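Descriptive analysis of the structure
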Amino acid sequence: MLNWEEVGGGGAWTGWGSPWKGPDGALGAPLVSASSVHGPGARTTVPRTEMPSKHQIMSLWGLVSQMPPEKLQRLYVDFPHHLRHLLGDWLENQPWEFLVGSDVFCHNMASTLLSATVQHLQASARKQGEGSAILQHISTLESIYQRDPLKLVATFRQILQGEKKAVMEQFRHLPMPFHWKQEELKFNTALQRLQHRVGEIRLLQETLQQGTEAGQVSLHSLIQTPANGTEQSEALASLLQDTVGELEAVQALVLKRIQIWKRQQQLAGNGAPFDESMTLLQERCESLVDIYSQLQQEVGAAGGELEPKTRAALISRLDEVLRILVTSSFLVEKQPPQVLKTQTKFSAGVRFLLGLRFLGASAKLPLVRADMVTEKQARELSMPQGPGAGAESTGEITNNTVPLEISVSGNCCSALFKNLLLKKIKRCERKGTESVTEEKCAVLFSTSFTLGPNKLPIQLQALSLPLVVIVHGNQDNNAKATILWDNAFSEMDRVPFVVAERVPWEKMCETLNLKFMAEVGTNQGLLPEHFLFLAQKIFNDNSLSIEAFQHRSVSWSQFNKEILLGRGFTFWQWFDGVLDLTKRCLKSYWSDRLIIGFISKQYVTSLLLNEPDGTFLLRFSDSEIGGITIAHVIRGQDGSPQIENIQPFSAKDLSIRSLGDRIRDLAQLKNLYPKKPKDEAFRSHYKHEQIGKDGRGYVPAIIKMTVERDQTIPTPEPQMSTTVPTYDLGMAPDSMTMRISPDMVSQVYPPHSHSIPSYQALPLEESVNVLRSFQEPHLQMPNLSEMNLPFDQPHPHRGLLPCQPQEHAMSSPESLLCTDVTMGENSCLNQPVGGFTQGTWVGEDMFPPLLPPTEQDLTKLLLEGQGESAGGSLGAQPLLQHSSYGQSGISMSHLDLRANPSW
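An account of the accompanying structure is given in this report. (Residues numbered from 1 in each chain as written. Predicted model: local features only at pLDDT ≥ 70, side-chain atom pairs only at ≥ 80, totals over all residues. Heavy atoms only, no water.)

Compared with the 30 Å implied by 1.5 Å per residue over 21 residues, the 30 Å span of helix α10 (residues 308–328) between its first and last C-alpha is a close match. For α10, the set of buried residues is Thr310, Leu314, Leu318, Val321, Leu322, Leu325 and Val326. When α10 is viewed along its axis, its buried side chains cluster within an angular range of 135° and face the same direction. Turned more than 90 degrees off the buried face of α10, the exposed positions are Pro308 and Lys309. (Helix = DSSP H or I, 4+ residues; strand = E, 2+ residues; numbered from the N terminus. Expected span 1.5 Å × (residues − 1). Buried < 20%, exposed > 50% of the residue type's maximum accessible area, 1.4 Å probe, protein only. Arc of directions from axis to C-beta.)

Where helix α3 (residues 104–127) meets helix α6 (residues 176–210), the axes come as close as 10 Å, and the angle between the chain directions of the two elements is 120°. Our classification of the angle between α3 and α6 gives oblique. You can see that α3 and α6 cross each other, and the crossing is right-handed. On the side of α3, the interface is formed by Val104, Phe105, Cys106, Asn108 and Met109, while α6 contributes Thr189, Gln192, Arg193 and His196. Classifying every residue of the contact of α3 with α6 gives four nonpolar, four polar and one charged. (Axes fitted to C-alpha atoms, helices over the stretch in contact; angles between N-to-C directions. Parallel < 35°, antiparallel > 145°, perpendicular 65-115°, else oblique. Left-handed = near helix turned anticlockwise from the far one by under 90°. Contact = heavy atoms within 4.5 Å. Nonpolar A, V, L, I, M, F, W, Y, C, P; charged D, E, K, R; others polar.)

As a further point, take the pairing of strand β17 (residues 628–635). When you tally the buried positions in β17, you get eight out of eight residues, the bulk of the element. Direction of pairing for β17 relative to strand β18 (residues 641–646): antiparallel, over a ladder of five bridges. Note that in β18 the partner of Arg635 across the bridge is Pro641. (Pairing = 2+ DSSP bridges.)

Looking now at the nonpolar core. Core analysis: the largest hydrophobic core is formed by 68 residues, its most contacted members being Phe352, Met372 and Phe445. The contacts of Phe352, once residues within four sequence positions are left out, are Val326, Ser329, Phe330, Phe358, Leu359, Cys413, Phe449 and Leu460. Core analysis: the next-biggest nonpolar cluster, separate from the first, contains 60 residues, Met508, Phe539, Trp574 and Ile630 among them. (Core = buried A, V, L, I, M, F, W, Y, C linked by side-chain atoms within 4.5 Å.)

A few words now on the packing of α3 against helix α5 (residues 149–171). It is the contact of α3 with α5, at a shortest axis distance of 8 Å, that shows an interaxial angle of 75°. Put simply, α3 runs roughly perpendicular to α5. In this structure, α3 uses Cys106, His107, Ala110, Ser111, Leu114 and Thr117 to contact α5, whose residues at the interface are Pro149, Leu150, Leu152, Val153 and Phe156. Of the residues in the contact of α3 with α5, the class split is eight nonpolar, three polar and no charged.

Inspection of the entire model under this criterion finds 36 salt bridges. Between Arg193 and Asp103 there is a salt bridge, and its shortest N-O distance comes to 3.1 Å. Here the residue Arg193 occupies a position in helix α6, and Asp103 occupies one in the loop between α2 (81–87) and α3, the gap between them amounting to 90 residues. Looking at Arg193, the relative accessible area reads 14%, which means it is buried. Here Arg494 ties to Asp486 by a salt bridge, and the two come within 2.8 Å at their closest N and O atoms. Taking the relative accessible area as the measure of exposure, Asp486 reaches 1% and is therefore buried. Salt bridges linked by common partners bring Asp103, Arg193, Arg197, Glu200 and Glu246 together as one network. (Salt bridge = Lys/Arg side-chain N within 4 Å of Asp/Glu carboxyl O.)

By themselves, these observations are geometric and do not establish any function.
Next comes the structure, spelled out in structure tokens:
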């Protein structure tokens with residue numbers, strides 16, 4: 001869900017909204033009271049829900065109100081448009097779309113909703129100062145619909161469906177909170193219907209016992225029995241069977257919600273936001289147990305009214321509902337570390353959502369056991385006829401038994417393992433070229449107890465998320481790659497632990513962006529240009545068009561098995577090195593948008609070649625793991641430009657002297673690209689240096705950095721092209737192109753009449769850390785317009801948990817080179833740029849930011865059974881598709897090249 005907030009007077013847009021929180025507490029409840037629609041004697045337990053408080057557009061009406069009225073006028077024929085405005089988003093918070101039918105329940109609900117609608121209209125009209133004419137109109141509508149309140153339900157259902165269709169046509173998506181509200185309304189309505197059915201059954205039982213003619217008439221009116229004189233006992237059996245069927249359908253909604261919660265928990269392992277509260281899930285499970293208990297009592301009370309075969313079938317179906325509900329409510333609340341090192345303590349926790357109902361009165365609570373299982377054992381457990389008494393442990397875990405505990409204040413039943421320790425692991429046979437760090441295991445939590453007066457044995461089992469066991473720190477990097485891939489691209493309800501071998505590049509971009517922000521602990525994510533560089537790197541392809549990678553897919557081998565061309569490491573090993581360096585030493589620099597970072601050495605040359613001497617930028621080393629380098633412009637003796645890249649700094653280097661102080665030390669660095677004075681950009685990152693003697697009388701010693709050169713910088717031969725190639729902007733439908741003439745370039749970059757002094761004339765400073773510079777070989781480059789880098793805009797992804805720092809270590813895997821693509825070092829410099837010019841850096845205000853990879857798969861599951869499909873006209877849009885409103889993700893073909901000289 002994107003949160004668009006207008007910033008400044010120019011109408012630029014920025015920001016990720018707080019992503020949808022997930023199930024718990026994120027949805028509004030209907031206004032209708034449960035007690036107003038239930039039959040006699042029914043319990044009225046409805047789960048509590050809370051309305052979220054967000055600044056972004058969270059309602060359907062929030063989008064409808066932004067649309068031109070003429071597009072919606074045809075919807076408001078049976079209900080006036082000005083009255084629809086008075087209802088606002090209250091209308092979509094009522095269960096109009098789930099009252100299908102004309103039975104007693106729907107009629108009662110419709111009558112209650114009519115009264116609530118009139119009250120809301122009158123209150124809104126008075127609040128807005130409307131005249132008596134409006135109030136009279138409201139009274140007239142009330143009198144019309146009182147004769148048939150179900151007609152009002154049908155009218156509002158048609159209006160909401162039309163509004164959804166119009167919003168999809170205009171904005172190409174519906175707000176994610178709207179989907180969650182609809183799911184909550186669906187469950188609450190189904191639960192209320194169940195409670196009403198229980199009341200009908202109870203009344204029917206009483207009628208059968210009394211056997212009065214008056215009761216028979218009331219019964220026929222209540223359950224609408226056919227006029228062919230069906231026996232009352234058969235009507236009771238039919239009503240019980242229908243109610244049990246509705247219970248099974250509502251149970252499916254609860255199981256789906258639990259499934260979504262598990263998937264969100266897994267995505268949180270990659271840094272996605274996650275509301276881990278299980279309160280709503282517990283309330284739903286408990287409400288179904290209440291319905292089960294009431295139905296079980298009614299089946300037992302029916303006695304001789306039911307045929308033995310019918311009674312046995314009902315009892316069997318009810319028992320199966322309870323069994324599935326109980327076994328599905330045992331969940332891993334606190335996951336163990338997904339990269340687990342032997343001989344290292346760790347913690348984990350489980351929660352039994354129905355523990356208060358079934359174990360609250362137990363004198364002795366059962367023990368929960370934790371065991372390590374292999375992928376094969378996990379698959380066997382997932383089968384319907386899997387092991388019932390637990391699987392043999394594949395590793396030795398100490399302190400692995402803990403009793404379930406009841407917390408009355410916390411209203412939960414849980415077990416917390418505080419001091420688990422994996423002493424050793426039994427490795428299983430690996431598949432093909434699979435390495436140790438690709439072998440996935442899991443922790444199996446299990447317990448058992450007896451249920452009910454019949455002492456029915458219940459076995460509870462819950463698998464943790466897949467984890468990789470390592471024995472040495474140098475395996476950590478590759479193990480993290482396995483877990484990152486599994487968390488991001490596994491499917492719900494999969495066979496453990498099957499995951500796709502190849503995924504769309506767009507989803508990989510989302511995953512890398514999410515991981516970067518979570519690991520570094522920053523609100524500033526990656527930009528489209530960063531993804532272009534990453535695509536060039538992982539695909540070994542120097543295409544300069546974003547569209548060239550739009551429909552590409554990336555394999556697991558390309559991600560962390562194949563060695564990058566000319567390097568000694570994989571793509572993930574390099575990217576993880578950048579994560580580690582940025583997290584440890586560069587977080588504030590990245591958050592202040594002082595680091596371009598993900599940009600190739602060749603592209604740096606194209607940016608800086610026409611800049612004044614002393615212009616510099618910061619990029620991550622392409623040839624070393626965990627390094628950052630300074631690229632800057634210097635001049636030869638004749639004033640011709642030369643690009644110099646200083647030897648990369650590692651985390652160890654920056655721990656000795658910070659990046660900001662190193663930049664301050666180098667007098668030849670003047671302006672951060674494009675034209676920001678370095679002191680203005682980095683002043684807040686300079687360390688205060690003491691002047692004069694300290695309190696002990698010592699004169700302070702200062703470590704400073706210099707760059708030594710053994711020889712005079714050679715002057716390159718003039719090979720620069722005087723014409724600028726034509727660039728396809730990819731903006732206009734008629735393939736608009738633009739050519740920049742040499743005159744235009746000279747206006748942007750006036751000729752330089754000065755050159756920097758020779759380095760022999762620079763003041764010498766005492767230095768402990770002396771680095772040699774690496775000169776960039778001369779490359780043929782056209783004159784390019786200046787690059788616009790709007791890095792000063794925030795990236796509002798909130799609520800990230802700080803990650804604990806880890807030492808980066810890696811092992812060099814066997815070289816597996818991709819032979820179907822060749823890569824020329826300088827070939828990209830002579831290609832026309834598709835999508836954006838080389839002189840323009842697309843900013844965050846021009847490009848919708850990326851979302852966590854949660855919306856597409858969860859929405860698809862959420863919308864099942866709601867008359868919508870994820871790919872249909874009212875479904876959620878693909879994650880990386882352009883939208884004028886703020887569709888989640890980036891567009892690969894609509895790049896805005898508005899000029900903006902600020903960084």
